[in-house]
Amino acid sequence: MRPRILIVEDESGIADTLRYALTTEGFDPHWFVNGAQALAEFDRLSPALVLLDIGLPDMNGLDVFKRLRERHASLPVVFLTARSDEIDRVVGLELGADDYVAKPFSPRELVARVRTILRRSQPASGASAAPAGPFVVDAERQQIRFYGRPLELSRYEYGLLRTLIRRPGRVYTRDELLQQVWDDPGESLDRTVDAHVKTLRAKLKAVAPGVEAIRTHRGSGYALAEDLPDRLS
């Protein structure tokens, strides 16, 4: 079965280009001109990924994203944004979007990103759950547990936390994290890393409010704390 992709975009020229590029590469695209239509058909279509324009005519794309994630917490979503809309990009990443593509964009590049996101969202074969203090990383399911509770993570949140878990105490610069976790680090911003660290901290705090798992090293970067308790008191 071809992977089903929802395109939520009000510009017909862009949507037609996306549909052609995705169909040619073996995907099953479905186009909706506004957020209300996409939300109404989402459950029926059960897409593998959503390409979501932020500037929709009927509602803000960020609000559509929140409502989609309420229905499917791990749904991969890629924002389509104007190149100048840095604030929208950062807010979208803070909410947990998997990626963004700035307009105008190369259809081939976007399809390549879609493939990469879908590939990474599939379970890896031959891997098992590996404990790391209070964390348990299950590479097959691309899931991380923190003090026994599974974390609902976006693709980049998962990659970022898994990188930090590998070497507790090791300080990673923002550039190192971009290079190791992001598909196209040259197109990403330092603030992209900060946005994901912020959402990660909130999710970790929801499990263990008194534990500061990710430490900021001013002027350097981020590290996983080495002195985390093995269990909560």
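Residues numbered from 1 in each chain as written. Predicted model: local features only at pLDDT ≥ 70, side-chain atom pairs only at ≥ 80, totals over all residues. Heavy atoms only, no water.

(A) Highlighting helix H2 (residues 35-45). Along H2, the residues that are buried comprise Gly35, Ala38, Leu39, Phe42 and Leu45. Taken end-on, H2 shows its buried residues confined to a sector of 140 degrees, consistent with a single buried face. The outward face of H2, more than 90 degrees from its buried face, is lined by the exposed residues Ala40, Asp43 and Arg44. The elements touched by buried residues of H2 are strand E1 (4-8), strand E2 (28-32) and helix H3 (61-71). The N-cap residue of H2 is Asn34: its side-chain oxygen and the backbone nitrogen of Ala36 are 3.2 Å apart. Among the residues trailing H2, Ser46 stands out with phi positive, at a value near 45 degrees. (Buried < 20%, exposed > 50% of the residue type's maximum accessible area, 1.4 Å probe, protein only. Helix = DSSP H or I, 4+ residues; strand = E, 2+ residues; numbered from the N terminus. Arc of directions from axis to C-beta. Contact = heavy atoms within 4.5 Å. Polar contact = N/O pair within 3.5 Å; in protein donor to acceptor, adjacent residues only side chain to side chain.)

(B) Up close: the packing of H2 against H3. Where H2 contacts H3, the two axes come as close as 11 Å, and the packing angle between them is 10 degrees. Judged on the interaxial angle alone, H3 and H2 are roughly parallel. In contact with Gly35, Leu39, Phe42 and Asp43 of H2, H3 contributes Val64, Arg67, Leu68 and Arg71. Tallied by class, the residues present in the contact of H2 with H3 amount to four nonpolar, one polar and three charged. (Axes fitted to C-alpha atoms, helices over the stretch in contact; angles between N-to-C directions. Parallel < 35°, antiparallel > 145°, perpendicular 65-115°, else oblique. Nonpolar A, V, L, I, M, F, W, Y, C, P; charged D, E, K, R; others polar.)

(C) Representation of the packing of aromatic side chains. One pass over the full model with this rule turns up three aromatic pairs. Each ring, one from Phe135 and one from Phe146, has its centre 4.7 Å from the other, and the planes form 25 degrees; the classification is stacked. On the criterion of sequence distance, the pair formed by Phe135 in strand E7 (residues 135-138) and Phe146 in strand E8 (residues 143-146) is long-range, its members being eleven residues apart. Considered together, Phe135 and Phe146 belong to a single accessibility category, that of buried residues. Between Phe146 and Tyr147, the aromatic rings sit 4.6 Å apart at their centres with planes inclined by 50 degrees, giving tilted as the arrangement. In this structure, Phe146 and Tyr147 share a single accessibility class: buried. (Phe/Tyr/Trp six-rings, centres within 6.5 Å; stacked < 30°, edge-to-face > 60°.)

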